[in-house]
Amino acid sequence: MERTFLAIKPDGVQRGLVGEIIRRFETKGFTLVGLKFQKVSRELAEQHYDVHRERPFFPGLVEFITSGPVVAMVWEGDGVIASARKIIGATNPLNSEPGTIRGDFGINVGRNLIHGSDAPETAQKEIALWFKDEELVTWQPHSTPWLHE
């Protein structure tokens, strides 16, 4: 099974959208295998956004993600990376379709509620950055046979 990393950013936490966001992935049929509620250190933020280090918006990304608690998650399922990206919506909420998290709740690109890995390599790197192996739980929900052939 494929795994992906998702993080509800400080604006999603502050706006009380944690339950709604988790619900969308659960009802889709994905399995939650890792969950943390945490304040992000500057070091972790800089590592997470390292690909943007040379860009002018890098300091703002780090400041924002460290401004309040986040909910870090690992989800598992067939095609979970691509599907999660569709559930999340476009980076800029103004370009996100209604029915997506950002389309329904987002206002602007600087407050877009959630991060999701964009590729298998990224997911693997981000999961390892945010979670230790022993913090991930392998389990099979009772609904699995109803979701997969």
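As shown above, the structure is provided for reference.
What counts and what doesn't
- Residues numbered from 1 in each chain as written.
- Predicted model: local features only at pLDDT ≥ 70, side-chain atom pairs only at ≥ 80, totals over all residues.
- Heavy atoms only, no water.
- Phe/Tyr/Trp six-rings, centres within 6.5 Å; stacked < 30°, edge-to-face > 60°.
- Helix = DSSP H or I, 4+ residues; strand = E, 2+ residues; numbered from the N terminus.
- Buried < 20%, exposed > 50% of the residue type's maximum accessible area, 1.4 Å probe, protein only.
- Lys NZ or Arg CZ within 6 Å of the ring centre and 35° of its normal.

Undergrad: Mind laying out the packing of aromatic side chains, listing which residues take part and the relevant values?
TA: Across all of its chains, the model carries two aromatic pairs by this definition. Here the aromatic rings of Phe-25 and Trp-75 are separated by 5.6 Å at their centres, their planes lie at 35 degrees, and the arrangement is tilted. Within this pair, whereas Phe-25 is found in helix 2 (residues 18–28), its partner Trp-75 is found in strand 3 (residues 69–77), the two being separated by 50 residues in sequence. The burial state of Phe-25 is the same as that of Trp-75; both residues are buried. Sitting above the plane of the Phe-131 ring, Lys-36 keeps its charged end 4.9 Å from the centroid.

Undergrad: Residues and numbers for unusual backbone geometry, please.
TA: A positive phi angle is found at Leu-113, which is not glycine, with a value near 75 degrees. For Leu-113, the position within the fold is in the loop between helix 6 (101–105) and strand 4 (114–116). Overall, the relative accessible area of 0% leaves Leu-113 in the buried class.

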